[in-house]
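Chain residues, written in single-letter form:
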Amino acid sequence: MAFEVEPNSLGLAFESLRALGVQGVNLTIPFKETAYDLVDEIPDDMGRALGALNTVVNKDGYLFGHNTDANGFLMALHEELAFKPQGKTALVLGAGGAARAVVFALLRAQVGKIWIYNRTMDRAVGLVEYAARFFPEADVEVAETPESLSGEKIDLIVNATSLGMGGPESTAKPGVPFDLATISSKPAVYDLIYAPSQTAFLKAAADRGLQTTNGLGMLINQAALAFELWTGHKEGVRETMRKAIGL
Ligand code: NAP
């Protein structure tokens, strides 16, 4: 069931989970950060480091918070692109909540180097600093522009901006983050967006013969991981979810 909650009523909604014995919920924008302060315990270090939760598990009125986005992304990267981050170089576009999950996931998977580019450079700098607090040895750097990386060997590009996202005219964000022709290497391209299923950026990447995938795999995996946390069941969950969304 989907519940629309007023932004200033999230605390009340969480108290209702306890009162009604709701076994668990999945959260999305704009609640992921606020939820962090409303649960009783965040058992895993990824959830604590990210400062944002997408899953709540209710055990007898005690609320556990989790973040399954980062692992959902890593699983999708493996399943959809057969990409192994260890020692590789990635360019992450964006510096919002999703970009943070992607950066942490890649660092946890021992990526060799991450470049971060964001329209608002201060936020990219902030993400680099934040990552350095948890992964002090990691090589994470701000890219002034994606074009400035033209001579670098990039193995993976992740679009974690909302640029390219569909929706009603008021919310749609047509366009591409940058011109892929400026990158000389042949990176795999992962776009976190899943609606539309092929963004203009993914199309441009496919036209250049690059390996591509959209955000549906991450969506399914983060949801399947949440389902597992609520119920303990993992057999067949992904397949059922894939069928439910028509894949
Ligand atoms: P967010 O926190 O609001 O961050 C949005 C990011 O997009 C920021 O870096 C922002 O740059 C950038 N941006 C927005 N409009 C732009 C434009 N016109 N030009 C250039 N950059 C622009 O959102 P989020 O939670 O990180 O989500 C980002 C995207 O990931 C969304 O499309 C969301 O649907 C997708 N997502 C997918 C999954 C999945 O399961 N597949 C999970 C989570 C998120 P500024 O800092 O300059 O504003």
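A brief report on the enclosed structure follows. (Residues numbered from 1 in each chain as written. Predicted model: local features only at pLDDT ≥ 70, side-chain atom pairs only at ≥ 80, totals over all residues. Heavy atoms only, no water.)

1. Side note on the side chain of Asn 54
Thought 1: Within the secondary structure, Asn 54 is located in the loop between α3 (45-50) and β2 (55-59).
Thought 2: Under the relative-accessibility criterion, Asn 54 is labelled buried at 1%.
Thought 3: A polar contact of 2.9 Å, which involves the side chain of Asn 54, links it to the side chain of Thr 55.
Thought 4: Not counting chain neighbours up to four residues away, the residues in contact with Asn 54 comprise Val 25, Asn 26, Leu 27, Lys 32, His 66, Asn 67, Thr 68, Asp 69 and Gln 222. (Helix = DSSP H or I, 4+ residues; strand = E, 2+ residues; numbered from the N terminus. Buried < 20%, exposed > 50% of the residue type's maximum accessible area, 1.4 Å probe, protein only. Polar contact = N/O pair within 3.5 Å; in protein donor to acceptor, adjacent residues only side chain to side chain. Contact = heavy atoms within 4.5 Å.)

2. A look at the site of the ligand
Thought 1: Taken together, 22 residues are adjacent to the ligand, and Ala 98, Asn 118, Arg 119, Thr 120 and Arg 123 come closest.
Thought 2: The contact in question runs from an oxygen atom of the ligand to an N or O atom on the backbone of Ala 95, over 3.0 Å.
Thought 3: Burial of the ligand by the surrounding chains reaches 80%, relative to a free accessible area of 920 Å².
Thought 4: Mapped by element, the contributors of at least two residues to the shell around the ligand are α5 (97-108) and α8 (216-231).
Thought 5: Residue composition of the shell around the ligand, grouped by class: 11 nonpolar, 8 polar and 3 charged. (Near = heavy atom within 4 Å. Areas by Shrake-Rupley, 256 points an atom, 1.4 Å probe, with all protein chains shown as cover. Nonpolar A, V, L, I, M, F, W, Y, C, P; charged D, E, K, R; others polar.)

3. So, the nonpolar core
Thought 1: Phe 73, Leu 77, Val 103, Leu 106, Ile 114, Leu 156 and Tyr 190 are the most contacted members of the largest nonpolar core, which totals 38 residues.
Thought 2: Counting residues in hydrophobic clusters, the runner-up holds 16 residues, among them Leu 93, Trp 115, Ile 157 and Ile 183. (Core = buried A, V, L, I, M, F, W, Y, C linked by side-chain atoms within 4.5 Å.)

4. Description of the sheet that holds strand β1 (residues 24-26)
Thought 1: The sheet built from 3 strands is open, its strands ordered β1-β2-β3 with antiparallel pairing. The two strands at the open ends of the sheet, each matched to only one other strand, are β1 and β3 (62-66). Mean inter-strand twist for the sheet, computed between neighbouring axes without regard to direction, equals 15°.
Thought 2: In terms of strand pairing, β2 meets β3 through 5 bridges, oriented antiparallel. Paired with Thr 55 across the bridge in β3 is His 66.
Thought 3: Strands in contact with helix α1 (residues 10-20) are β1, β2 and β3; relative to β2, the strand with the most contacts, it is inclined by about 35°.
Thought 4: The sheet contacts of α8 involve β1, β2 and β3, and relative to β2 the element is tilted by about 10°. (Pairing = 2+ DSSP bridges. Axes fitted to C-alpha atoms, helices over the stretch in contact; angles between N-to-C directions.)

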